[in-house]
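Structure at a glance
For reference, the chains in residue letters:
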Amino acid sequence: MKASSFFLGLVLGAAGSAAAVLLSAPQSGKELRYSVKSSSDNLKPKIEDVKAKTNDLKASVKHLVNEAKTRLPEAADELKTSVDVWNRDTELNRERIQKRVQQIQTSIAELEQAVGSIKK
């Protein structure tokens, strides 16, 4: 749903509500006409204010989208670079850990053989 459609519906709903209240109020014709005229005069600045705020909102959203289009690729590149650096920095430790795990597995296998030969 577009913001302009929402605000248009909001304004039309407010105008309809105001008209319903005015028409159901127990006033004379002259008082009613004066009341309708003053209400419509008061409503025009409010509508203009809503239009101005809607335009400001549109401009803010457009600016935010443009910023996101610019900054998200930069952030993604920085993140990729950081991950690559981390992978390089940890590669040596991973190799050491893998060698140590292999040594432990070999030691366990030798212990199992030794225990197996003792039991016989």
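A brief look at the structure comes next. The model shown is predicted, which means the values in this text are computed figures rather than measured ones.

Okay, the overall build of the protein chain next. When helices and strands are tallied, the protein chain shows 2 helices and 0 strands. Relative to its full complement of 120 residues, the protein chain shows a buried share of 4%. Per element, the accessible surface of the protein chain, about 10500 Å² overall, is 61% carbon and sulfur.

One pass over the full model with this rule turns up 3 salt bridges. We note a salt bridge from E48 to K51, for which the minimum N-O separation is 3.9 Å. Of this pair, E48 and K51 both sit in helix 2 (residues 29-119), 3 residues apart, which is roughly one turn of that helix. Classification of E48 by relative accessible area gives partly exposed; the value is 48%. The salt bridge involving E67 is made with R71; its shortest N-O contact spans 3.1 Å. One end of the pair, E67, and the other, R71, are both in helix 2, 4 residues apart, so they sit about a helical turn from each other. Judged by its relative accessible area of 30%, E67 is partly exposed.

On the secondary structure map, T54 appears in helix 2. Taking relative accessible area as the criterion, T54 reaches 7% and is therefore assigned buried. Polar contacts involving the side chain of T54 include one to the main-chain carbonyl oxygen of V50, which spans 2.7 Å. If we skip the residues at most four places from it in the chain, T54 touches S4 and F7.

Here we take up the environment of K46. Of note, K46 is situated in helix 2. Taking C-alpha positions, K46 is 8.9 Å from V11, a pair spaced 35 residues apart along the chain.

Turning to a nonpolar patch on the surface, a few remarks are in order. On the surface, L57, V61 and V65 cluster together into a nonpolar patch covering about 220 Å² of accessible area. Considering the arrangement of structural elements, one finds V65 in helix 2. The exposure class of V65 is partly exposed, given its relative accessible area of 38%.

This part takes up the environment of K51. Overall, K51 belongs to the partly exposed group, its relative accessible area being 47%. K51 sits 47 residues away from S4 along the chain, and the two C-alpha atoms are 8.3 Å apart.

Conventions we followed
Going along each chain's sequence as written, the residues are numbered from 1 onward. Where totals are concerned, whole chains, interfaces and linings use all residues; where local detail is concerned, this predicted model gives features only for residues with pLDDT of at least 70, and gives and counts side-chain atom pairs only at 80 or more. Only heavy atoms go into the side-chain values, all of them from the structure, while hydrogens and water stay out. Secondary structure elements follow DSSP: runs of H or I no shorter than four residues count as helices, runs of E no shorter than two count as strands, and numbering proceeds from the N terminus. With a 1.4 Å probe rolled over the protein chains alone, any residue whose accessible area is under 20% of its type maximum counts as buried; one over 50% counts as exposed, and the rest are partly exposed. The protein chains shown are the only cover counted for residues, whose accessible areas, like all others here, come from Shrake-Rupley with a 1.4 Å probe. Only one rule defines a salt bridge in this text: a Lys or Arg side-chain nitrogen within 4 Å of an Asp or Glu carboxyl oxygen. In protein, a polar contact means a hydrogen-donor-capable atom and an acceptor-capable atom, both N or O and within 3.5 Å, with residues adjacent in sequence counting only if both atoms are side-chain atoms; elsewhere, any N or O pair within 3.5 Å suffices. Contacts: residue pairs with any heavy atoms within 4.5 Å of one another. The patches reported here contain residues having more than 30% relative accessible area and no salt bridge. Joining distances are 9 Å for like charges and 5 Å for nonpolar side chains (Val, Leu, Ile, Met, Phe, Trp, Tyr).

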